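Inside the fold
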Amino acid sequence: MSEEHYLELCENPVQFEHASSVNNVFFDEANKQVFAVRSGGATGVVVKGPDDKSSVAFRMDDKGEVKCIKFSIGNKILAVQRTSKSVVFPDKRSLKLLKSQSINVNWYQYCPETAVILLSTTVQGNILQPFAFRSGTMSKMSKFEIELPVVPKPAKLSLSERDIAMATIYGQLHVMYLKHHSRTANSTSAEVVLYHLPREGACKKSHVLKLNTTGKFALNIVDNLVVVHHQSSQTSLIFDIKLKEPDCAVNTHQPVLPARSIHPYRIPLSGPAVVPSQPPVPCQLYSSSWSVFQPDIIISASEGYLWYLQVKLPPTVNLLQDKGKLMDFLLRRRDCKMVILSVCSQSTRGVLPVVATVFDKLNQVYKEYLEAEQSYTVAMESGPSRGSAAQKRPVRTQAVIDQSDMYTHVLSSFTERKGVSHKFIIAVLMEYIRSLNQFQITVQHYLYELVIKTLVQHNLFYMLHQFLQYHVLSDSKPLACLLLSLESTYPPAHQLSLDMLKVSLARCSSQITVPSLETRCCSTRCSGRSSRETSG
């Protein structure tokens, strides 16, 4: 069962003094800092952040209960709130009112990544008014309404702060509304409703995530996935809003994977009575003392730990049987390269249509990157045009799997696999070449060499002859040299190599060609391997 846990807590959490009668714990979402305030600060305030630079310790006078405490960016200014209507700065500061808004507010949510604040207004609380902050200015955004499952009569506050969260998913700000099931509305389960909140324009409902259960929930965002924690079952669900369900409405989503618990976590014992040999104790997952913050933070104040939630991709390979859907899922994740290559290797044990689907998904992303790189190169060579923004070089993510990766990690070992039909091996190799051609990607000669060597190894000379005769294998000087070396094994290879060499030389003399981007990228990287393969 351990191999099925696709969520885990980070190995190196932020540790702090746990909450107690003399120690209060606060969290600042903007700086990702935990404040441990002992005795109102008189006996010390210890601040722990994601790195050493954001960690600090100091003391302050105990002037009453601390309701909230935060640093400005860079730990330059400390602000302490002790009453509902005042904020104190221990260092004397002068403040200037820049702008004010008169509005009745029930509660608010703030997203530090986008500097957008969301205010709950009206009696029922479901009219939300966002404001955006930028360069010291505040701008009013379009207000919108959250659709309540039931409209209460008489009207009362019906939208809780606990059921709203803001997070950036695939580069766009979304408001997430946890809509609990209602018997009067005939809804059998809860759902998460996503509202896309653009800087300009109206906020619109964009996605509905079906939870298929009821109870207490909490939300995280990890690697652009919406993670929904369910306390009573002690399991979590993940949703990918870019995956479309064939049997659902356009923007309605089911969980990508079956519900699973976060991977078990063990906490080392501490204190004067601890024996060094004592083993760590299991952490109580999904505890009622857990606090969840956006995008990916889980805090246990009672145990003194702050974790970052992480997605483990290897377990998803066996949990998601649809390989096309699995590839769509993996290609959007951060650390996906080796897992994708393992899926490619695994797919070669199946049927050819599945292999074709996997290769096409792979090469579509590959082609998009090559085109972006080509556009960038052309733009750099032509120079910046007046009035246009500088073009950024495309980032090569781990989802870009090139021909060298496939050769090294998948195809070369696949051709040597025992117990596999040589016809199926050839079919898989040709399927990858077919997919490259479909996306108009220049096929590297070492792939053709792999096909030829496999054909020769199994004495499939008639097939080799047909591939060459009908130009299934493109003419090139490296292939001509390889064919020439096969003369002793297959005498017709001598004439075939001369014909190919003649065509290649004629093509070179008749026109001056500029190598494609893919050829330039791969020729240096792969020529060493190709020459070794040929000499072998």
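Residues numbered from 1 in each chain as written. Predicted model: local features only at pLDDT ≥ 70, side-chain atom pairs only at ≥ 80, totals over all residues. Heavy atoms only, no water.

- The protein is annotated in an unreviewed UniProt entry as Regulator of MON1-CCZ1 of Lates calcarifer.

1. Quick word on the overall build of the protein
- The number of helices and strands found in the protein is 11 helices and 27 strands.
- Within the span of the protein, comprising 536 residues, buried residues form 46% of the whole.
- Intrachain contacts of the protein at a sequence separation of at least 6 include 52% that bridge at least 24 residues.
- With the model as given, the accessible surface of the protein reaches about 28,700 Å², and the carbon-plus-sulfur share is 53%. (Helix = DSSP H or I, 4+ residues; strand = E, 2+ residues; numbered from the N terminus. Buried < 20%, exposed > 50% of the residue type's maximum accessible area, 1.4 Å probe, protein only. Contact = heavy atoms within 4.5 Å. Areas by Shrake-Rupley, 256 points an atom, 1.4 Å probe, with all protein chains shown as cover.)

2. Re the pattern of salt bridges
- This structure, assessed with the given rule, holds 18 salt bridges.
- Residue arginine 396 pairs with aspartate 405 through a salt bridge whose shortest N-O separation is 3.9 Å.
- Relative accessible area serves as the criterion here: at 37%, arginine 396 is assigned to the partly exposed category.
- Because the salt bridges share partners, they merge into one network encompassing Asp223, Asp240, Arg332, Arg333 and Arg334. (Salt bridge = Lys/Arg side-chain N within 4 Å of Asp/Glu carboxyl O.)

3. Focus on a nonpolar patch on the surface
- Side chains of Ile103, Val105, Tyr108, Tyr110 and Phe133 sit close together on the surface and give an oily, nonpolar patch of about 420 Å² of accessible area.
- The topology assignment puts valine 105 in the loop between β9 (86–88) and β10 (108–111).
- Given the relative accessible area of 39%, valine 105 is considered partly exposed. (Patch = residues over 30% accessible without salt bridge, like charges linked within 9 Å, V, L, I, M, F, W, Y side chains within 5 Å.)

4. Points about the packing of aromatic side chains
- The final tally for this structure, using the stated rule, is 11 aromatic pairs.
- Put simply, the rings of Tyr265, Tyr286, Trp290, Tyr305 and Trp307 pair up and form one aromatic cluster.
- The residue whose ring lies beneath lysine 242 is tyrosine 170, and the NZ or CZ to ring-centre distance is 4.6 Å.
- The positively charged end of arginine 333 is found above the aromatic ring belonging to phenylalanine 329, 4.9 Å away from the centroid. (Phe/Tyr/Trp six-rings, centres within 6.5 Å; stacked < 30°, edge-to-face > 60°. Lys NZ or Arg CZ within 6 Å of the ring centre and 35° of its normal.)

5. Focus on the confidence of the model for the protein
- When the pLDDT values of the protein are averaged, the result is 85; 88% of them are 70 or greater.
- Every residue in residues 519–536 is under pLDDT 50, and counting partners more than four places away or in other chains gives 27 contacts. (pLDDT = per-residue confidence, 0-100.)

6. A closer look at helix α4 (residues 352–382)
- Along its 31 residues, α4 runs 44 Å from first to last C-alpha, staying within 8% of the 45 Å computed at 1.5 Å per residue.
- Positive backbone phi, approximately 85°, marks glycine 383, located one or two places after α4. (Expected span 1.5 Å × (residues − 1).)

7. Here's the deal with the pairing of strand β21 (residues 235–239)
- For β21, a buried count of five out of five residues is recorded, marking the element as mostly surrounded by other parts of the structure.
- The alternating pattern of β21 places Thr235, Leu237 and Phe239 and Ser236 and Ile238 on opposite faces, both of which are buried.
- As defined by bridge partners, strand β20 (residues 225–230) adjoins β21 across five bridges and the pair is classed as antiparallel. Paired with valine 228 across the strands is leucine 237, a residue of β21.
- The turn joining β20 and β21, which pair antiparallel and follow one another in sequence, is formed by four residues; a positive phi near 50° is taken by glutamine 234. (Pairing = 2+ DSSP bridges.)

8. Describing the sheet that holds strand β17 (residues 191–196)
- Read across the open sheet, the five strands follow the order β15-β16-β17-β18-β22; overall the sheet is mixed. The strands lining the two open edges of the sheet, one partner per strand, are β15 (164–169) and β22 (252–253).
- The pairing of β15 with strand β16 (residues 172–179) spans six bridges and is classified as antiparallel. Within β16, the residue paired with threonine 168 across the bridge is leucine 173.

9. Looking at the sheet that holds strand β5 (residues 45–48)
- Taken together, four strands build an open sheet; the order of strands is β3-β4-β5-β6 and the sheet is antiparallel. At either margin of the open sheet sits one strand with a lone partner, and together these are β3 (23–28) and β6 (56–58). Sheet twist, expressed as the average angle between the axes of neighbouring strands with direction ignored, equals 15°.
- Sheet topology places strand β4 (residues 33–38) next to β5; four bridges connect them, and they run antiparallel. Paired with valine 37 across the bridge in β5 is valine 45. (Axes fitted to C-alpha atoms, helices over the stretch in contact; angles between N-to-C directions.)

10. Here we look at the packing of helix α3 (residues 337–347) against α4
- Packing of α3 against α4 leaves a shortest axis separation of 9 Å and a crossing angle of 155°. Taken together, the axis directions place α3 and α4 in an arrangement best described as roughly antiparallel. For the pair α3 and α4, the sense of crossing is left-handed. Listed contacts from α4 to Ile340, Cys344 and Ser347 of α3 are Val355, Val358 and Leu362.
- Here the residues of the contact of α3 with α4 are counted per class, giving five nonpolar, one polar and no charged. (Parallel < 35°, antiparallel > 145°, perpendicular 65-115°, else oblique. Left-handed = near helix turned anticlockwise from the far one by under 90°. Nonpolar A, V, L, I, M, F, W, Y, C, P; charged D, E, K, R; others polar.)

11. A few points about the packing of α4 against helix α6 (residues 422–438)
- Here α4 crosses α6 at 30°, and the two axes come no closer than 9 Å. α4 and α6 meet at a crossing whose hand is right-handed. Contacts from Leu352, Val355, Ala356, Phe359, Asp360, Asn363 and Tyr366 in α4 reach Phe424, Ala427, Val428, Glu431, Tyr432, Arg434, Ser435, Leu436 and Gln438 in α6.
- Of the residues belonging to the contact of α4 with α6, the class tally is 10 nonpolar, three polar and three charged.

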